[in-house]
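Close look at the chain arrangement
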Amino acid sequence: MNSIIALLLIQDGLTMGAVYALLALVLVMVFSVTRVILVAQGELVSYGALTMASLQAGHLPGTALIAVAGGVIAAAMELWAYARGPRSRTHLVAAALYVLVPLAVFGLVAALAPQGSGAFVRVLLTLLIVVPLGPILYRVAFQPLASAPVLVLLIVAVALHFVLTGLGLIAFGAEGVRVAPLIDGMLRFGPYFLSAQALFTIAITLALIAALFVFFGSTLSGKALRATAFNEVGARLVGISTTGSGLLAFSLAALIGTVSGILIGSFATIYYDTGFIIGLKGFVAAILGGLGSYPLAAFGAVLVGLLESGSSFFASAFKDVLVFALIIPILMWRSFSAGHAEEEEE
Amino acid sequence: MTIRTTLLVVFLLALAAAPFVLPEYYVTLLNYIGLGSLATLGIVLLTGIGGLTSFGQAAFVGIGAYATAYATTAWGFSPWFALPLGLFAAAACALAIGAVTLRLSGHYLPLSTIAWSLSLYYLVGNLPVLGAHDGITGLPAVSLFGVVLDDARSFSFLIWIFVLLGLLSVHNLLGSRAGRAIRCLRGRSTMAEAFGVDTTRLKVAIFVHAALLAAASGWLYAHLVRFVNPTPFGLNVGIEYLFMAVVGGVGQLAGAVVGAGVMVVLRDVLQDVAARVLGVSGAIEIVAYGVLIIVLLQNARAGIVPFVTRRLPAPEPLKVPDDAPSLPMRDRPARGETVLVADKVVRRFGGLVAVNEVSFTLKAGEILGVIGPNGAGKSTLFNLLSGVLPLTGGAISVLGRAANGLTSRAIARLGLARTFQHVQLRGDMSVLENVALGAHMRSRKGILSAILRLDRKEEGALLAEALRQLERVGLADSRNVPAGSLALGQQRIVEIARALASDPVVLLLDEPAAGLRYHEKQALAALLDSLRAEGMSILIVEHDMDFVMNLVDRLVVMEFGRPIASGVPGAVQNDPAVLEAYLGGAV
């Protein structure tokens, strides 16, 4: 291996690691706020990539329709809650939002998609289509189970992963897609090449992490999320809506999943079921951070990315064996250095 | 005959008749239900009862299947000879993996199961010697007593005999000394350790048991379809076993069979409907499958089996034999002999000195109280004495033997038994069984004797001892109700009965009067008084002055980690330092 290949591998590893880091941060956040291990995060990534690619091809993405259908179910659940009383106006407002927002987006996309538009507009449309799925999924799948044990929430998350994978197959078919990179070209330093899109991905990731940092550190909503994560009952007592926190956490998860999908789609071919393994690697990174520490999760993500690109060069058939097997010693180190095991109530 | 036994008999009769009367197609479904039940049973034991979430069950099914596939095709072994080979391979892998990963805490464990099951999957898929992704074909059929089991009908019997044996093994295990300890692994392991249970060893044991059930399922699968490839042993299938367990009822043995039945049939029906109505297959049924699971869990979170059993009359209570032998008892120290010494005990948390040079002695037949305001370090002291936390300095000895640096399990063996400030009973277990756990280390029959039911004599002795302790504390009438249904005051008394069941020399009570009503406190005081009269030595950490003052022989008062006074209650009550600590300074 020479230094050119080494640089390529490191560049690959860092780029993928950056995306895993984003996913890991979201998983940590969603878990600490809602106790849901969001296995379906990966599907939001592939939906982001597939929607973007579909828009680039001038089609109307099926995800727009999925959002409308999900919104209708969420609205029906809100109306049902209203009918069973307390007849709070919040239910009606929420029901209206769940129906109208995806419908409006659908109309907009249907009008704009065939005309062909700029990259910026397409990114915006992709976000408008996929991000509302976050709160819709929370409302439909998890809100009725807010007090359930972690294991039940995990099973529901896995079931949701199946639902979204199946819907992805119906909406986009079995063919893989590549997203055209947002930025083309190579930067050249002597014999070394750096891909502009890779640098762009890392830059966007850093910017998003910084934005999350500001959001959690300095905004009221961010602080409310942290409060919910720290102590759910306490948060409720001081007037923070834990449902609201859950919805917000899932919206952020969808936002970051979509961005990751748009970015990652230009490095790897994305199929309707690719999201799972991508999400899993983000999950691995999150666990390396103990599902609680953001910086460690980000560090774990970069480690996973480098491990993956390194082993794909040295033993490509055994790439995933190596990635997942090498995790066990790291896990053990994390577990033992974490010290005392907390006991979870049944 | 009770409704429960009737249901069981009907199920067994239906099972025996099914292969004769059902069309071949349904017999095949029944076979897959059996295979799923066997693997899911392992998940019920491991996850539902032991609290260890595993996504890796399918990998052990794969080990069983591949072992027999390789041994029967490459070496020409008989399937019956390959079965123990596969079981051995699975047990060895489970031991190795378990030794490494089962000590992982919290969410590390489920993740590690994903990690190693994915690794195994990709490994097998890339190993040419195991046929890589194409797998191994041409497995021989199993024959039994000269009958070749090469069709779905005859194989059905073999599968269900295995399932029933598996169910029996787990059923027997759970109704035993080891089973009670296993049921306390989930969320109660600190308590279990305090009664001498080696929780790490038990975790490995149920992991191995679950792996054996899975490997048996794999062996059956391999000889049913007569070829193997990696797909049925991937992570998705591991997740599906977890689904089956959760849908059926994750803490229930019957949940394994019901869950497997529902999921196998559901998948089949959905495939059928999707193919017939829509003309396509693959996507719609996955969506419907996921939706149904979400709807089911939103409406019956505990699974199907508890949904049904809630409506049945309660199961028969455990029978306590009248003629049970008594358990061995330790020699009791003479009244007045020193049983517990704390010598300048220190515990630091970083810069905070939570317990600072606390010394006292406890004599046999005496009640010593440790009191102090909130934050005085009483609970930390309690945790030091019971071995939950290590000492930073000083020494503790029990009956003249040094107890420094011992685990809570070893300290329990020295003759210390404790209760918990936050009641640590297994709420879904009967009061009798909760108390029987206390006698865990006075008996020794292990998992194998439990499965083979060679432990009945000792089990009878354990239950009789538990009943005796319940009579001693006056709760014998409540022995068959779930411990969680008792009032808090009674639960604290059950904790004392459980501690007494371990035949202790010293009883450590952590705030036993907290949350009790007035007459419950009186009853508790009367109980402790009578125990003292019988020669028991009691150390009581308390908060409630009135309760302590009228009960104890001597007192140690703590404030900010230091002892500020000690002596008989009357003297301590008038000590200026104590008045200052409690009343905020001399006025």
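Residues numbered from 1 in each chain as written. Chains lettered and ligands numbered in written order. Predicted model: local features only at pLDDT ≥ 70, side-chain atom pairs only at ≥ 80, totals over all residues.

Chain B has the name Branched-chain amino acid transport system permease protein in an unreviewed UniProt entry, where Pseudochelatococcus lubricantis is given as its organism. According to the UniProt record, the Subcellular location (unreviewed entry) comment for chain B reads "Cell membrane". (UniProt positions renumbered as here; feature names shortened; annotations may be inferred.)

Under an unreviewed UniProt entry, chain A has the name Branched-chain amino acid transport system permease protein and belongs to Pseudochelatococcus lubricantis. Checking UniProt for chain A, the heading Sequence similarities (unreviewed entry) contains the comment "Belongs to the binding-protein-dependent transport system permease family. LivHM subfamily." The record held by UniProt for chain A lists under Subcellular location (unreviewed entry) the comment "Cell membrane".

1. A closer look at the overall build of chain B
Scanning chain B from N- to C-terminus turns up 23 helices and 12 strands. Principal-axis analysis of the C-alpha atoms gives chain B an extent of 90 × 55 × 45 Å. Across chain B, the fraction of contacts at a sequence separation of at least 24, relative to all contacts at a separation of at least 6, is 74%. (Helix = DSSP H or I, 4+ residues; strand = E, 2+ residues; numbered from the N terminus. Contact = placed C-beta atoms within 7 Å.)

2. Focus on the overall build of chain A
When helices and strands are tallied, chain A shows 15 helices and two strands. For 346 residues, the compact-globule estimate of 2.2 N^0.38 gives 20 Å, and the C-alpha radius of gyration of chain A, at 20 Å, lies within 12% of that figure. With the C-alpha coordinates aligned to their principal axes, the bounding extent of chain A is approximately 70 × 60 × 35 Å. With 346 residues in all, chain A has 49% of them scored as buried. Once local pairs closer than 6 in sequence are excluded, the contacts in chain A between residues at least 24 apart make up 77%. (Rg over C-alpha atoms; globule rule 2.2 N^0.38 Å. Buried ≥ 20, exposed ≤ 12 C-beta atoms within 10 Å, placed from the backbone.)

3. Looking at the domain arrangement of chain B
Residue and element names in this part refer to chain B. When cut into domains, chain B gives domain 1 (18-233) and domain 2 (338-415 + 504-583). The distance between the C-alpha centroids of domain 1 and domain 2 comes to 49 Å. Across the boundary between the two partners, domain 1 contributes six residues, which contact six residues of domain 2. When the residues that make up the side of domain 1 that touches domain 2 are grouped by side-chain class, the tally is two nonpolar, two polar and two charged. (Domains from an automatic or database assignment. Nonpolar A, V, L, I, M, F, W, Y, C, P; charged D, E, K, R; others polar.)

4. As for the UniProt feature "transmembrane region" (unreviewed entry) in chain B
Residue and element names in this part refer to chain B. Mapped onto this numbering, the UniProt entry gives "transmembrane region" (unreviewed entry) at residues 33-52, 59-77, 83-102, 114-132, 152-174, 204-222, 242-266 and 273-297. As a span, residues 33-52 carries 85% helix and 0% strand, and end to end its C-alpha atoms are 24 Å apart. Across residues 242-266 one finds 84% helix and 0% strand; the C-alpha atoms that close the span lie 16 Å apart.

5. Topic: the sheet that holds strand 10 (residues 537-541) of chain B
Residue and element names in this part refer to chain B. Ordered in space as 8-9-10-5-11-12, the six strands form an open sheet in which the pairing is mixed. Each edge of the sheet is formed by a strand with only one pairing partner; in this case those strands are strand 8 (416-418) and strand 12 (562-567). The mean inter-strand angle of the sheet, taken between neighbouring strand axes irrespective of direction, is 20°. (Pairing = 2+ DSSP bridges. Axes fitted to C-alpha atoms, helices over the stretch in contact; angles between N-to-C directions.)

6. A closer look at the nonpolar core
Ala24, Val30 and Ala157 of chain A together with Ala90, Ala211 and Ala215 of chain B are the most contacted members of the largest nonpolar core, which has 305 residues in total. At 17 residues, the largest contribution of residues to this core is made by helix 9 (residues 199-225) of chain B. Each of domain 1 (18-233) and domain 2 (338-415 + 504-583) of chain B gives at least three residues to this core. (Core = buried A, V, L, I, M, F, W, Y, C linked by C-beta atoms within 7 Å.)

7. Things to note about the sheet that holds strand 6 (residues 393-398) of chain B
Ordered by their spatial adjacency, four strands build an open sheet running 4-3-6-7 (chain B), and the pairing between neighbours is antiparallel. The open sheet has two free edges, formed respectively by strand 4 (352-363) and strand 7 (401-402) of chain B, since each of these has just one partner strand.

8. Quick word on helix 7 (residues 150-172) of chain A
All names here are of chain A. Helix length check: helix 7 (23 residues) gives 32 Å between terminal C-alpha atoms against 33 Å at 1.5 Å per residue, within 8%. With 19 of 23 residues buried, helix 7 lies mostly within the body of the structure. Of the residues trailing helix 7, glycine 173 is marked for its positive phi of about 75°. (Expected span 1.5 Å × (residues − 1).)

9. Details of the pairing of strand 12 of chain B
Residue and element names in this part refer to chain B. One ladder, built from five bridges, connects strand 11 (residues 554-559) with strand 12; its direction is antiparallel. Counterpart to leucine 555 in the pairing with strand 12 is glycine 567. Taking the residues that link successive antiparallel strands as the turn, the strand 11-strand 12 hairpin has two residues, and the phi of phenylalanine 560 there is positive, at about 50°.

10. Focus: unusual backbone geometry
Residues and elements named next belong to chain B. Even without a glycine there, the phi angle at lysine 344 is positive, about 45°. Take lysine 344: it is sitting in strand 3 (residues 338-349). Under the C-beta neighbour-count criterion, lysine 344 is labelled exposed, with 12 such atoms within 10 Å. Its identity is not glycine, yet phenylalanine 560 carries a phi of approximately 50°, on the positive side. Looking at where phenylalanine 560 falls in the secondary structure, it is placed in the loop between strand 11 and strand 12.

11. A word on the packing of helix 7 of chain A against helix 10 (residues 235-248) of chain B
Helices that pack against each other are described as a pair by the angle of their axes relative to one another and the distance between those axes. Helix 10 of chain B packs onto helix 7 of chain A with a crossing angle of 125° between their chain directions and a minimal axis gap of 11 Å. It follows from the interaxial angle that helix 7 of chain A and helix 10 of chain B lie oblique. For the crossing formed where helix 7 of chain A meets helix 10 of chain B, the hand is left-handed. Between helix 7 of chain A, through Val152, Ile155 and Val158 of chain A, and helix 10 of chain B, the contact on the second element is made entirely by Ile239, Leu242, Phe243 and Val246 of chain B. For the contact of helix 7 of chain A with helix 10 of chain B, the class distribution of residues is seven nonpolar, no polar and no charged. (Parallel < 35°, antiparallel > 145°, perpendicular 65-115°, else oblique. Left-handed = near helix turned anticlockwise from the far one by under 90°.)

12. Quick word on helix 2 (residues 24-49) of chain B
All names here are of chain B. Taking 1.5 Å per residue as the helical rise, helix 2 with its 26 residues ought to reach 38 Å, and the 35 Å between its terminal C-alpha atoms agrees with that figure. Where helix 2 bends most, at isoleucine 43, the angle is about 30°. Across the 26 residues of helix 2, 20 count as buried, placing the element largely inside the fold. A positive phi of about 75° marks glycine 51, the residue just after helix 2. (Bend = angle between axes of the 7 residues up to and from the residue.)

13. Quick look at the environment of serine 147 of chain A
Mapping serine 147 of chain A onto the fold places it in the loop between helix 6 (133-142) and helix 7. For the pair serine 147 of chain A and arginine 35 of chain A, spaced 112 residues apart in sequence, the C-alpha separation works out to 9.5 Å.

14. A look at the environment of serine 3 of chain A
Following the sequence through the fold, serine 3 of chain A ends up in helix 1 (residues 3-34). C-alpha of serine 3 of chain A to C-alpha of valine 101 of chain A: the two residues are 98 residues apart in sequence and 51 Å apart in space.

15. Focus: the confidence of the model for chain A
If pLDDT is low for a region, its predicted coordinates should not be looked at in detail. Residue and element names in this part refer to chain A. Mean pLDDT over chain A: 83, with 92% of residues reaching 70 or higher. Mean pLDDT across the secondary structure elements of chain A bottoms out at helix 15 (residues 327-338), with 68, and peaks at helix 6, with 93. pLDDT under 50 marks residues 340-346. Its contacts with residues more than four places away, or in other chains, come to 11 contacts. (pLDDT = per-residue confidence, 0-100.)

16. A closer look at the packing of helix 6 (residues 152-174) of chain B against helix 9 of chain B
All names here are of chain B. One way to put it is that helix 6 packs onto helix 9 with a least axis distance of 11 Å and a crossing angle of 180°. In terms of orientation, helix 6 and helix 9 fall into the roughly antiparallel class. Residues Phe155, Leu158, Ile159, Phe162 and Gly166 of helix 6 form the contact with helix 9, whose participating residues are Leu213, Ala216, Leu220 and Leu224. For the contact of helix 6 with helix 9, the residue count by class is eight nonpolar, one polar and no charged.

17. Side note on the confidence of the model for chain B
Per-residue confidence for chain B gives a mean pLDDT of 88; residues scoring 70 or more make up 98%. Scored as a whole, the predicted complex attains pTM 0.86, and scored at its interfaces, ipTM 0.87.

18. So, the pairing of strand 9 (residues 506-510) of chain B
All names here are of chain B. Judged by how many residues are buried, strand 9 sits mostly within the fold: five of five residues are covered. Every second residue of strand 9 is oriented toward a common face, with Val506, Leu508 and Asp510 on one face and Leu507 and Leu509 on the other, all of them buried. Pairing analysis gives three bridges linking strand 8 to strand 9, with the strands arranged parallel. Bridge pairing in strand 9 links leucine 416 to valine 506. A crossover links strand 9 with its parallel partner strand 10, the connecting element being helix 20 (residues 518-533), and its sense is right-handed. (Right-handed = clockwise from strand over helix to strand, strands pointing away.)

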